[in-house]
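Observations on the model geometry
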Amino acid sequence: MPMRFDHADHVQSVAAHTSAAASSPVAASWRRCLTLHGLSPEEARHPWRLTEPEFRQARARSSVLIEEARGEIDRLFATVGKAGCCLLLTDENGIALERRGAAGDDRDFRGVGLWSGTVWSEASVGTNGIGTALADERPVLILRDQHFLSQNTGLSCTTAPIRDHTGRIAAAIDISTCRDDAGEMTMSILSQAIRDAAARIEAGLFRRAFSAARILLVPVDGRSAPALLAVDRDDLVLGATRAARQVL
């Protein structure tokens with residue numbers, strides 16, 4: 001219990017200083033949770049959970065995303081599933097649409113709310129990999145006590161957002177673990193794996209949206225996001241991924 005309140009006091013103290021929020025993405029997220037969402041780090045709260053009809057509607061809205069991402073999620077889980085990790089695919093609102101986890105770990109993950117039909121936005125559970133990646137529109141790594149809620153400090157998670165063919169945030173893919181021995185180096189390796197998976201899903205969504213067009217790869221250095229152009233038979237550009245737009 002003292003550790004729980006120590007964390008809450010630390011969050012409150014850091015988030016109160018605008019200078020800290022300006023220099024640290026985690027502190028900025030903590031400040032959003034306090035001032036924008038009205039959350040308290042010491043409160044006991046679980047992710048919002050959708051009803052079955054709401055969950056079916058959310059999956060129907062994201063049916064193309066789920067179909068495109070399913071194979072990638074399965075391949076990634078085959079690599080990390082035995083290491084005590086859980087995979088989630090969410091929509092742009094942080095709703096967990098697809099989940100992969102080993103049966104032996106289900107009790108732990110269900111207990112913290114890492115389950116299909118839950119909402120992992122910042123408004124729901126404060127700073128966390130999924131919610132903060134969606135809010136900041138960038139890949140994030142949230143280790144244990146970087147979470148806003150004290151009750152989530154046993155989690156480590158790494159998340160990458162996924163953009164649709166127009167460049168808008170459409171989803172997020174996340175690896176989370178409750179293991180105490182998941183150090184920063186391990187999570188950094190998983191972070192690269194999740195960014196690569198997100199890039200492949202994003203490229204697949206783009207190719208699917210422009211299935212009748214020729215797809216050109218824009219040469220770029222040091223980018224994991226796909227830089228792709230879709231052109232017609234007359235070489236007119238029909239679409240471009242966000243990475244391609246930034247380069248060109």
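To be clear, the structure that these remarks concern was listed above.
Before going into details, it helps to say that this report is about the structure given with it.

Each value, and the rule that gives it
Residues numbered from 1 in each chain as written. Predicted model: local features only at pLDDT ≥ 70, side-chain atom pairs only at ≥ 80, totals over all residues. Heavy atoms only, no water. Axes fitted to C-alpha atoms, helices over the stretch in contact; angles between N-to-C directions. Helix = DSSP H or I, 4+ residues; strand = E, 2+ residues; numbered from the N terminus. Parallel < 35°, antiparallel > 145°, perpendicular 65-115°, else oblique. Contact = heavy atoms within 4.5 Å. Nonpolar A, V, L, I, M, F, W, Y, C, P; charged D, E, K, R; others polar. Pairing = 2+ DSSP bridges. Buried < 20%, exposed > 50% of the residue type's maximum accessible area, 1.4 Å probe, protein only. Polar contact = N/O pair within 3.5 Å; in protein donor to acceptor, adjacent residues only side chain to side chain. Core = buried A, V, L, I, M, F, W, Y, C linked by side-chain atoms within 4.5 Å. Expected span 1.5 Å × (residues − 1). Phe/Tyr/Trp six-rings, centres within 6.5 Å; stacked < 30°, edge-to-face > 60°. Lys NZ or Arg CZ within 6 Å of the ring centre and 35° of its normal.

Concerning the packing of helix α3 (residues 25-35) against helix α8 (residues 129-136)
- Between α3 and α8, the least distance of the axes is 11 Å, while the angle of their chain directions is 95°. By the angle between their axes, α3 is roughly perpendicular relative to α8. On the side of α3, the interface is formed by Pro25, Ser29 and Arg32, while α8 contributes Thr132, Ala135 and Asp136.
- A per-class count over the contact of α3 with α8 returns 2 nonpolar, 2 polar and 2 charged.

Here we look at the sheet that holds strand β2 (residues 85-91)
- Taken in spatial order, the 5 strands of this open sheet run β3-β2-β7-β6-β5, and their pairing is antiparallel. The open sheet has two edge strands with one neighbour each: β3 (96-100) and β5 (140-143). Strand-to-strand twist of the sheet, defined as the mean angle between neighbouring strand axes without regard to direction, takes the value 20°.
- Direction of pairing for β2 relative to strand β7 (residues 169-177): antiparallel, over a ladder of 7 bridges. Note on β7: the bridge partner recorded for Asp91 is Ala171.

Observations concerning the side chain of His147
- Relative to the assigned elements, His147 resides in the loop between β5 and β6 (156-163).
- By relative accessible area, which is 1% here, His147 ends up buried.
- Of the polar contacts made by the side chain of His147, one reaches the backbone oxygen of Arg144; its length is 2.9 Å.
- Beyond its immediate sequence surroundings of up to four residues, His147 is in contact with His7, Trp30, Thr127, Asn128, Ile142, Asn152, Leu155, Ser156 and Cys157.

A few points about the nonpolar core
- Counting residues in hydrophobic clusters, the biggest one holds 30 residues, and the most contacted among them are Ile162, Ile173 and Ile175.
- Those elements that place two or more of their residues in this core are α4 (52-61), α5 (63-80), β2, β6, β7 and α9 (184-209).
- Counting 24 residues, the second largest nonpolar core, distinct from the first, contains Cys86, Leu88, Phe148 and Ala172.

With respect to the pairing of strand β9 (residues 228-231)
- In β9, alternate side chains face the same way, and those of Leu228 and Ala230 on one face and Leu229 and Val231 on the other are all buried.
- As judged from the 4 bridges shared by strand β8 (residues 214-217) and β9, these two strands associate in the antiparallel manner. For Leu216, the partnering residue across the bridge sits in β9 and is Leu229.
- Where β9 and strand β10 (residues 237-240) come together, 3 bridges link them in antiparallel fashion. Residue pairing across strands places Val231 opposite Val237, the latter belonging to β10.
- Hairpin connection between β9 and β10: a loop of 5 residues separates the two successive antiparallel strands, and Asp235 in this loop has a positive phi of roughly 65°.

As for α5
- Taking 1.5 Å per residue, 18 residues should reach 26 Å; α5 reaches 25 Å between its end C-alpha atoms and fits that length.
- Of all the positions in α5, only Leu65, Ile66, Ala69, Glu72, Ile73, Leu76, Phe77 and Val80 are classed as buried.
- Looking at the buried residues of α5, the elements they touch are α4, β2, β3, β7 and α9.

Observations concerning the packing of aromatic side chains
- Scanning the model with the defined rule gives 1 aromatic pair in all.
- Considering the side-chain rings of Phe206 and Phe210, the 4.9 Å spacing of their centres and the 50° angle between planes classify their relative orientation as tilted.
- Taking the relative accessible area as the measure of exposure, Phe206 reaches 1% and is therefore buried.
- Taking the relative accessible area as the measure of exposure, Phe210 reaches 15% and is therefore buried.
- The ring of Trp115 has Arg110 sitting right over it, with the charged end atom 4.0 Å from the ring centre.

These values are about where atoms sit, not about what they do.
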